[in-house]
Amino acid sequence: MPASSLSCSSSPHQQADGAGTADAAALPKAVLVYHESAHSIVFRDQLRRQQSAIRRASTDALNSSRHRTQNVLDGVASKTPFLEGLLEEPSDSDTGYESSESNASVRLRNPRGSAPTSEEAHPVVIANFQPVIEPLDSLDLSAANVFEPLLDADPLTCGDLDLTEQESEVTEMLRTESAVVKTVRNADWTSFLAKFKPTGDDSGAHTRHFADRQKDSSPPEKKKDLPLPPYNSFVTSTSLLPSCGKKMRCFGSNHEYAVGVIFALPDDHSNTETEDEAAKKTKTWSWPSGYSAKTEFNINDRGELINGRQEALVPLSGLRNMNHSYLHDKDYVVGGRMVKGGLNTVPYNEVYIRVGGFNSKTMRSFDCGIGLPVALFSRDPNYGHLVQLLRVRARFSAMFGSEIAKTLPLLLVVPELGMRVFTKKLQQQVLKKMATSLNPFQNPAVAHFTRVDSTSEPHMKQKLEELLDLDDENVKQVLTPEEMARIAGGFGATDESVSNLLNDAALDDSGSLQGLVNEGLAFALRSNDYHTSRQLLILYSIVASRRRSNTEVSGQLQDDEDGYQSDSSSRDSAHWRKAEKDLNSAGDSQAVLFNRDNAQLGKEHIPPPPPPPPLDTDRLRSATNSDGLLAVLGAAQVLRAMQNGSAKRKVKEAIDSVDEWIHNGEQSVAFRVSSWRDLRSAQHDLNIATESDSNFMAFVSGKAITNRKKFVNQLREAADLTEFDSLRFLKSIHSVLSQMRSPCLRLELLQYILGLDNRYSVAHVLRSVELAATCLNLSGSDVHPTGL
């Protein structure tokens, strides 16, 4: 660690022993420490005294060397290279800080190889200083690694897959070409699934065929001759794959269209109609492999296909004949041309069909819609695509309900292998890998739109819909609570399931609650996910506060006059997002955040909950430079400083130290100039998170004294009028931060008081303080259900 990155301090008793003496002989062994005490931050006197002692020792050593060698070299006209090394001046800077080329301790030039000085023999110790990010060790697997067991899950050759009824039905559909598939762009899942959901009443609308809409622009109609369908129906492009999904690629690239859906074709037609006749009557159009229909551009105002699209139509039976030829013939036609010797992979065909409407097997039809998807499939066996598949199923569950989604089969469909079934057992193996050896990752389609400084509401809605359900028995059967916490932090889990996980841990007196949260935060850090880390911290605060309140105020709550039975668990902690939204929407969000009145329950007043038990996030903060994660981990540290009493002690240290500086600064301009010099040196060498370099004229004119007087008065007011474990303390700190324009020393002292390191700028500290206040507010809301 370069010495240029160091500041210095000593313990308070060491400073008191040597601060006012000129004799440096009694100076304790030099140990550089950053942020050990407020006094050392304000004065930096240990560094000056230490470097002064080193310079004197260096001068004495050089003078002694000159004296010893003078007799030997008397009369010699020119210096030898040996003497050149002895006569060089020390390289320490005038400010007392070591040069960037020096080691972690100052080393005197001694070409004779004498024993090291006492300063060389003792290592440098640095606290709350993070010049170099030290990432967490990488795990074994990444999103690009292939999940090998899935490649062997062939339902036709592997007899021990233990398929469910739904999985068996879907594999049979693909084998007999009784289903069509559609790939969906990663960014289009929201709009695609939303098309199925009815608006207004509970019945679905029958969206007109594209050809009919050219002639009639009236709104979607309701089918009057049939019962009202539960879902909207609409026409869309799909593909009819060869048997078992082999040989034919689907639409779009695997990267941009990672997951697709499977629709079952109707198997019950009118007694007088064949499948082809029913398809023709309902304008269920189909084109062969390699033909680009571009339907939306090739229908005239009378609803007729133009530009050769009508002539290129092929019935569904014709598509099946072509598919059979692709699998079993050596030569076949693709895109209107005979291909000698065949192709390894043929292009997709197109079936323009109505989906949605009735989801019952007996009600599916080309006219009213072939229902909801009967399965989801991934196009690649790597972990990235399989996690995306699980996330799409979670979105399907959020849109249509868990009862439909939990039985929805998951498959792998690739042209080279055909279909593979992603069974429950294989899903459990992937979940285990996700929790132990897979480096977590966000959905890349939403990651850049859900950052701490810019969160898009549609993308945030998608992120929430993709959260995995840890309450699923498929998960609980194979994962420990620690592993579930890792998935929650790294990949995202629903609020309700994370709340239940933490509630269960809170019932254990072994202290596993903090361990669970730290595991989750570590995986959130690995995936650089601000929102999952924030979710974990807020839910931890709520659960820990509720547990403490249940213990400390047991028996205090009384039934009110209306017979309301008070219960601290009456507001489920999983509903915190709504509570936070209500909190932020009530007028001035900052005023509400820091001035929330304590709620009254029944006849008894219950005090607001204190900060939760502290989380040790020091190692995690040293492993990231993400603004969002620094805000969350900083909030955890702020709550820790409030809970363990260190903030109270450090505030008093800072007040005394700044008062002493103000007293000395008012007496001497030279003292202020010297202080400015030391502060500038610290800014340049330490890279502390100041808003700007210290202004020399502010120290000469006395503006620095005015700013620091105001600052110390604010700290004194905070110390006198607030409890250090309540919102009032955070309000005082927030007020101080809000009035800062170009702080240097004041920011450094706030970093020290809250236990934050040198990377925390005013904006970072503000975010951390506001999130800590949110945690306390929501904790209070949870304990006092009527308070919001």
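These lines cover the structure that appears in this document, whether it is placed above or below. (Residues numbered from 1 in each chain as written. Predicted model: local features only at pLDDT ≥ 70, side-chain atom pairs only at ≥ 80, totals over all residues. Heavy atoms only, no water.)

Take the overall build of the protein next. A count of helical and extended segments in the protein gives 32 helices and twelve strands. Among the 788 residues that make up the protein, the fraction classed as buried is 51%. Across the protein, every contact between residues at least 6 apart in sequence was considered, and the portion connecting residues at least 24 apart equals 78%. (Helix = DSSP H or I, 4+ residues; strand = E, 2+ residues; numbered from the N terminus. Buried < 20%, exposed > 50% of the residue type's maximum accessible area, 1.4 Å probe, protein only. Contact = heavy atoms within 4.5 Å.)

Pairing analysis gives four bridges linking strand β9 (residues 410-414) to strand β10 (residues 418-421), with the strands arranged antiparallel. Looking at the pairing, Val414 lines up with Gly418 of β10. Counting the residues in the hairpin turn of β9 and β10 gives three residues. (Pairing = 2+ DSSP bridges.)

Right, let's talk about the sheet that holds strand β7 (residues 350-356) for a bit. Strand order across the open sheet formed by three strands is β2-β7-β4, with antiparallel pairing between neighbours. Edge positions in the open sheet fall to β2 (233-238) and β4 (285-287), since each of these has one partner strand only. In this sheet, adjacent strand axes meet at a mean angle of 30 degrees when their direction is disregarded. Alignment of β2 against β7, held across six bridges, turns out to be antiparallel. Bridge assignment links Phe234 to a residue of β7, and that residue is Val355. (Axes fitted to C-alpha atoms, helices over the stretch in contact; angles between N-to-C directions.)

Quick look at the packing of helix α12 (residues 383-400) against helix α14 (residues 424-436) now. Orientation of α12 relative to α14, taken along the N-to-C sense of each, is 110 degrees, at an axis distance of 11 Å. The orientation of α12 relative to α14 falls into the category roughly perpendicular. The residues of α14 that touch α12, namely those facing Tyr383, Leu386, Val387, Leu390 and Arg393, are Gln427, Val430, Leu431, Lys433 and Met434. Within the contact of α12 with α14, the residues separate by chemical class into seven nonpolar, one polar and two charged. (Parallel < 35°, antiparallel > 145°, perpendicular 65-115°, else oblique. Nonpolar A, V, L, I, M, F, W, Y, C, P; charged D, E, K, R; others polar.)

On the surface, a cluster of negative charge is contributed by Asp469, Asp472, Glu473 and Glu496. Position of Asp469 among the secondary structure elements: in the loop between α16 (457-465) and α17 (473-476). (Patch = residues over 30% accessible without salt bridge, like charges linked within 9 Å, V, L, I, M, F, W, Y side chains within 5 Å. Areas by Shrake-Rupley, 256 points an atom, 1.4 Å probe, with all protein chains shown as cover. Salt bridge = Lys/Arg side-chain N within 4 Å of Asp/Glu carboxyl O. Lys, Arg positive; Asp, Glu negative; His and termini not counted. Charge placed at Lys NZ, Arg CZ, Asp CG, Glu CD.)

For the structure on display, the rule yields 20 aromatic pairs. Where Phe251 meets Tyr257, the ring centres are 5.3 Å apart and the plane angle is 80 degrees; that geometry is what we call edge-to-face. Given the relative accessible area of 38%, Phe251 is considered partly exposed. Each member of the aromatic cluster is reached from another via a ring pair, and the members are Trp189, Phe192, Phe196, Tyr231, Phe234, Phe263, Phe396 and Phe400. (Phe/Tyr/Trp six-rings, centres within 6.5 Å; stacked < 30°, edge-to-face > 60°.)

As a further point, take the pattern of salt bridges. For the structure on display, the rule yields 21 salt bridges. A salt bridge links Asp529 to Lys463, with the shortest nitrogen-to-oxygen separation between them at 2.9 Å. Note that Asp529 is positioned in the loop between α20 (512-526) and α21 (530-552) and Lys463 in helix α16, a separation of 66 residues in sequence. For the pair Asp529 and Lys463, a shared accessibility class is recorded, and that class is buried.

This part is about the environment of Arg547. Its place among the elements puts Arg547 in helix α21. It is 9.7 Å that separates the C-alpha atoms of Arg547 and Pro612, two residues lying 65 residues apart in sequence.

Before going further, it helps to examine helix α30 (residues 727-738). With twelve residues, α30 ought to run about 16 Å at 1.5 Å a step, and its terminal C-alpha atoms sit 16 Å apart, in line with that. Within α30, the full set of buried residues consists of Leu727, Phe729, Leu730, Ser732, Ile733, His734, Val736 and Leu737. (Expected span 1.5 Å × (residues − 1).)

In this fold, Ser657 is placed in helix α26 (residues 646-667). Setting aside anything within four residues of it in sequence, one finds Ser657 in contact with Ala38, His39, Val42 and Phe43.

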